[in-house]
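# Close look at the chain arrangement
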Amino acid sequence: MRSPPAAAELSPMAVHGVAQTRAAVLGLGAYAPPKVLTNDDLARLVDTSDEWITTRTGIKRRHVAGPDQATSDLAVIAAQQALDAAAVRAQDLDLILVGTATPDMLFPATACLLQERLGAPQAGAFDLLAACSSFVYGLISAGQMLTSGLARTALVVGAETLSRLVDWKDRTTCVLIGDGAGAAVLGASDTGRGIYAGMVGADGSAGNVLKVPAGGSRMPMTREAIDRKLHRGYMDGQAVFKLAVRTVPGLIRETVARAGWTMEHVDLIVPHQANLRIIEAMASQLHLPMEKFVVNIQEYGNTSAASVPLALFEAVQGGRIHDDDRIVLAAFGGGFTYAACALVWGK
Ligand code: UT7
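Fair warning: this is a prediction, and the values are worked out from it, not measured in the lab. For every chain, the first residue of the written sequence is number 1, and numbering continues from 1 onward in sequence order. Note on the predicted model: pLDDT of at least 70 is required for a residue's local features to be given, and 80 or more for side-chain atom pairs to be given and counted; whole-chain, interface and lining totals, by contrast, use all residues. Calculation of side-chain values draws on the structure's entire complement of heavy atoms; hydrogens and water are dropped beforehand.

## Digging into the site of the ligand
For the record, the criterion: Whether a residue is near a molecule or strand depends on its heavy atoms: if one lies within 4 Å, it is near. Definition of a polar contact: a pair of N or O atoms within 3.5 Å, with one able to donate and the other able to accept a hydrogen when the atoms are protein atoms, and with sequence-neighbouring residues admitted only if both atoms are side-chain atoms. Here, Shrake-Rupley sampling with a 1.4 Å probe gives the accessible areas, and only protein chains in the shown set may cover a residue. Secondary structure is summarised from DSSP: a helix means a run of H or I of at least four residues, a strand means a run of E of at least two, and numbering begins at the N terminus for each. As a working rule, the residues Ala, Val, Leu, Ile, Met, Phe, Trp, Tyr, Cys and Pro are called nonpolar, Asp, Glu, Lys and Arg charged, and the rest polar, with Gly in that last group. Start and end positions for the domains come from either an automated domain assignment or a database one.
Looking at the ligand, there are 23 residues lining it, with Thr48, Gln238, His272, Asn275 and Asn302 nearest. Within the side chain of Arg56, one N or O atom sits 2.8 Å away from an oxygen atom of the ligand. Interatomic distance of 2.7 Å between a side-chain N/O atom of Asn302 and an oxygen atom of the ligand. Calculation on the ligand without its partners gives an accessible area of 940 Å², and the protein chains cover 73% of this total. Elements represented by at least two residues in the shell around the ligand include exactly helix H2 (50–57), helix H6 (171–174), helix H8 (237–258) and helix H9 (276–285). Of the residues forming the shell around the ligand, the biggest block, four residues, is contributed by H8. Across the shell around the ligand, the residue classes break down as 11 nonpolar, eight polar and four charged. Looking at which domains feed residues into the shell around the ligand, each of domain 1 (19–192) and domain 2 (196–293 + 306–344) supplies at least three.

Structure follows, in structure tokens:
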């Protein structure tokens, strides 16, 4: 892992004798579109096989947005579910932060669309783009706003429709991705639960390994750009794989240390679901059994910013996370970005 010059840290230490206010997750929501593509479905589109996809990635199925579903349509369902679970009214939200690389449009931000649809007129709203790391970046950022007093209640969403960016004729990328959304409502807590440490980092020199070149100010969406498929996602898979395995285990260790814990304290790690082999490599480097990692890539593929909150939601629903458990969320993605967050579960 590179030393973290661009890394930011949340204060992990409690003030002696005084309960420290932390940002805690009050409720979660998640949504995946009903349309499912199996590996066999993809083998009818490109030269691939269930055997290759399963052994190289762990993916069996992925959910794909319908033609009428944009990112905000997925996000609003997950967000409303999180609000209901938290028993928080949308009109009481101070902040809506959406992590996405596939906004409905360049602007207004998807967070503003969500603010209107949820009915949250008091909430500040903005999008955050750190590719697959966006949700964890967002959770840490919103957590800071809560503990600094800038907001009392925040909604953080990771939502993507990467199926719109992928080249469905490129077998090296189309088999990997899926669409989805996950959401968390955050509130201030004095119970000893909540976020203990967060780290965000980036290596911009590796920006070329994962990108969508066209559609921005450098290369507007021209017919030539479309003909050259530059509006589609490009990925150097092996380079991303190596960066992830080189960076994330050290990031997790450092975040756990900044929380004041040791690795033995950690009950569960919720990693970005990009490739089962990446998660296995992390487990091996951290000398942890796979049981300590949440894995749901077989059902959703890589849903980018939605992957960590989707996995977190399923782990809680499945009874794998209980109050006072020590949890680490960890993500990496285009940028190259990475982020991890250590929290004690519960309100
Ligand atoms: O969210 C963060 C973004 N993405 C990632 O984290 C992805 C990280 N990288 C990966 O997960 C892996 O590198 C991939 C799954 C993308 C690729 O796995 P790999 O084991 O690194 O395969 P490879 O790129 O070395 O390709 C091996 C072979 C190649 O054929 P040749 O040159 O050996 O004949 C590929 O053309 O597999 C071929 N191949 C496929 N074959 C069947 C590539 N994609 C497919 C496919 N089906 N879908």
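Having seen it, we continue.
## Looking at the sheet that holds strand S7 (residues 153–160)
Defined as follows: When DSSP finds at least two bridges between two strands, those strands are taken to pair. To define axes, lines are fitted to C-alpha atoms, for helices over the stretch in contact only, and angles between the resulting N-to-C directions are given on a 0 to 180 degree scale.
Spatial strand order, S2-S8-S7-S5-S6: five strands in an open sheet with mixed pairing. Each edge of the open sheet is held by one strand with a lone partner, namely strand S2 (22–31) and strand S6 (124–128). Within this sheet the neighbouring strands show an average axis-to-axis angle of 20°, counted without direction. Where S7 and strand S8 (residues 180–189) come together, eight bridges link them in antiparallel fashion. Residue pairing in the sheet places Val156 in a bridge with Ala184 of S8.

## Focus: the pairing of strand S14 (residues 337–344)
The line we're drawing: The buried label goes to any residue with under 20% of its type's maximum accessible area, the exposed label to any with over 50%, and the partly exposed label to all in between, with areas taken from a 1.4 Å probe on protein chains only.
The buried count for S14 comes to eight of eight residues, which makes it a mostly enclosed element. Going residue by residue along S14, you find Thr337, Ala339, Cys341 and Leu343 tucked away on one face and Tyr338, Ala340, Ala342 and Val344 tucked away on the opposite face as well. Judged from the eight bridges that link them, strand S9 (residues 194–202) and S14 form a sheet pairing that is antiparallel. Note on S14: the bridge partner recorded for Gly201 is Tyr338. In this sheet, S14 lies alongside strand S13 (residues 326–333) in antiparallel orientation, the contact comprising eight bridges. Directly across from Val328, in S14, lies its bridge partner Ala342. The antiparallel hairpin formed by S13 and S14 contains three residues in its connecting segment, where Gly335 sits at a positive phi of about 145°.

## Quick notes on the domain arrangement of the protein chain
The cut-off we apply is this: In what follows, a contact means two residues having at least one pair of non-hydrogen atoms within 4.5 Å. Buried area is understood as the total, over both parts, of accessible area removed when two parts are fitted together, assessed with a 1.4 Å probe. Here a salt bridge means any side-chain nitrogen of Lys or Arg lying within 4 Å of a carboxyl oxygen belonging to Asp or Glu.
Examined at the domain level, the protein chain breaks down into domain 1 (19–192) and domain 2 (196–293 + 306–344). The gap between the C-alpha centroids of domain 1 and domain 2 is 14 Å. On the domain 2 side, the residues contacting the 37 residues of domain 1 number 36 residues. In this assembly, domain 1 packs against domain 2 so that about 2,700 Å² is buried in total across both faces, 68% of it on carbon and sulfur atoms. Our count for the domain 1 to domain 2 interface comes out at one salt bridge.

## A closer look at unusual backbone geometry
Cis geometry is found at the peptide bond from Phe107 to Pro108, where omega equals 5°. By the secondary structure assignment, Pro108 is in the loop between strand S5 (95–99) and helix H4 (110–118). With an omega dihedral of -10°, the bond running from Gly335 to Phe336 counts as a cis peptide bond. Within the element layout of this structure, Phe336 appears in the loop between S13 and S14. Phi at Ala131 is positive, roughly 50°, even though this residue is not glycine. Tracing the backbone through its elements, the reader meets Ala131 in the loop between S6 and helix H5 (134–147). Overall, the relative accessible area of 14% leaves Ala131 in the buried class.

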